[in-house]
Amino acid sequence: MKFAIFGNTHQSKKSVNIATLFTTLNKYGDSYCIDRTFYELLKETCPQHIKDAEIIDGNDFTADVVISYGGDGTLLRAAGRVGSKGYPILGINAGRLGFLTTVSHNDIENIIEELHNGNCETEERSLIEVTSPLHQFKSYPYALNEIAVMKHDSSSMMTISVSLDGHDNITYQADGLIVATPSGSTGYSLSVGGPIISPESNVIVLTPIASHSLGARPIVLSDTTEVKIEVSSRSHNFLIAIDGRNESCNENAALTIKKAPHSLRLIRCKGQSFIKNLRDKMMWGADIR
């Protein structure tokens, strides 16, 4: 097998544990390429294990499996590098909660063995994309978790006008609005009152941030819905966050958010499930009395 490896360069103490990964890959005779920024870190922590590695610059790489070593943020960045290539991603958690990265770094040897034995499954996760006729996005315009529009600073709330499929209109007076996928329903959207959605559901959810109306509640829509957003604010601009990648937009930049033409594949071991992950990571449905 050939692996492409991306990692969190801000967790140098935990990155030393990745030596186990390379020892295991070498044991199976696998080849691997490493993102350059992560490679530079690994040269300091385990140089003897990566001397034969290829280096990844940009998004021009090939692999049978992509490994994301870090937290959910690392996996989201790796997803952007994979893009529409279709390579399955294995998330190894070296961060904190790690809801998308379901494999503990203590289980590296087991998961690589399971991969080679064909005992892993892949989940298709939907993505959403954002476009604007007046704004050229600097970053990857697709999101696995969410696309959010937010206040640019601590100024007063914004007026967010939303059109659904060109006819149904909603107006929010709020600090922002999140458009989340099922994968993102347990992220930012959940933290501001959004629902938990099973990842195989063909839906999106609109979740207002600090709405100035008690009647403004999260709404779940079909993922075939095209969401158009226009923003008005006293600062005449706003922030858009695409899976945490922030950039500033002028209020004249109307946004269109819809389901992306491609999806993302995440690897999981047989026996893992979304509900089990909720119980283990979020104590969902658990009686801790």
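Residues numbered from 1 in each chain as written. Predicted model: local features only at pLDDT ≥ 70, side-chain atom pairs only at ≥ 80, totals over all residues. Heavy atoms only, no water.

1. Overview of the overall build of the chain
A count of helical and extended segments in the chain gives 7 helices and 18 strands. The C-alpha radius of gyration computed for the chain amounts to 20 Å, which stays within 12% of the reference 19 Å derived for 289 residues, consistent with globular compactness. Overall size of the chain, expressed as C-alpha extent along the three principal axes, is 60 × 45 × 35 Å. Expressed as a percentage of the 289 residues in the chain, the buried residues total 49%. Sequence separation of at least 24 residues holds for 66% of the intrachain contacts in the chain that already meet a minimum separation of 6. Just so you have it, the chain exposes about 13600 Å², and 47% of that area is on carbon and sulfur atoms. In the chain, 27 side chains carry a positive charge and 32 a negative one; their mean positions are 3 Å apart. (Helix = DSSP H or I, 4+ residues; strand = E, 2+ residues; numbered from the N terminus. Rg over C-alpha atoms; globule rule 2.2 N^0.38 Å. Buried < 20%, exposed > 50% of the residue type's maximum accessible area, 1.4 Å probe, protein only. Contact = heavy atoms within 4.5 Å. Areas by Shrake-Rupley, 256 points an atom, 1.4 Å probe, with all protein chains shown as cover. Lys, Arg positive; Asp, Glu negative; His and termini not counted. Charge placed at Lys NZ, Arg CZ, Asp CG, Glu CD.)

2. Observations concerning the nonpolar core
One broad rule of soluble globular proteins: the nonpolar side chains tend to lie buried together. Ranked by size, the top nonpolar core spans 30 residues in total, and within it Phe-3, Ile-5, Ile-18, Ile-34, Ile-67, Leu-90 and Ile-112 carry the most contacts. Elements with a minimum of two residues in this core: β1 (2-7), α2 (19-27), β2 (31-35), α3 (36-45), β4 (65-70), β5 (89-93), α5 (108-116) and β18 (255-269). Judged by nonpolar contacts, the second largest core, of 28 residues, contains Val-149, Leu-164, Leu-206 and Ala-216. (Core = buried A, V, L, I, M, F, W, Y, C linked by side-chain atoms within 4.5 Å.)

3. Observations concerning the pairing of strand β12 (residues 176-180)
β12 sits mainly inside the fold: 5 of its 5 residues count as buried. Along β12, one buried face is formed by Gly-176, Ile-178 and Ala-180 and the opposite face, lined by Leu-177 and Val-179, is buried too. The sheet contact formed by strand β9 (residues 146-150) and β12 spans 5 bridges and is antiparallel. Pairing of Val-149 across the sheet is with Leu-177, part of β12. Bridge count for β12 against strand β13 (residues 203-209) is 5 bridges, and the pairing is antiparallel. Along β13, the bridge assignment pairs Val-179 with Leu-206. (Pairing = 2+ DSSP bridges.)

4. Quick word on a nonpolar patch on the surface
A surface patch of nonpolar side chains, about 260 Å² in accessible area, is lined by Ile-196, Ile-275 and Trp-284. Here Trp-284 shows up in the segment after α7 (274-282). Exposure remark for Trp-284: the relative accessible area of 42% places this residue in the partly exposed category. (Patch = residues over 30% accessible without salt bridge, like charges linked within 9 Å, V, L, I, M, F, W, Y side chains within 5 Å. Salt bridge = Lys/Arg side-chain N within 4 Å of Asp/Glu carboxyl O.)

5. A closer look at the confidence of the model for the chain
This prediction gives the chain a mean pLDDT of 89; 97% of its residues lie at or above 70. Mean pLDDT across the elements of the chain bottoms out in helix α1 (residues 12-15) (54) and peaks in β13 (98). (pLDDT = per-residue confidence, 0-100.)

6. Concerning the pattern of salt bridges
One pass over the structure, following the stated rule, counts 10 salt bridges. Across the pair Arg-36 and Asp-57 runs a salt bridge whose closest N-O atoms are separated by 2.7 Å. A residue pair is termed long-range when its members are at least 10 positions apart, and Arg-36 in helix α3 and Asp-57 in the loop between β3 (54-56) and β4 qualify at 21 residues. You can call Arg-36 partly exposed: its relative accessible area is 36%. On the accessibility criterion, Asp-57 (46% relative accessible area) is partly exposed. Linked by salt bridges that have partners in common, Glu-121, Glu-123, Arg-125 and Arg-268 make up one network.

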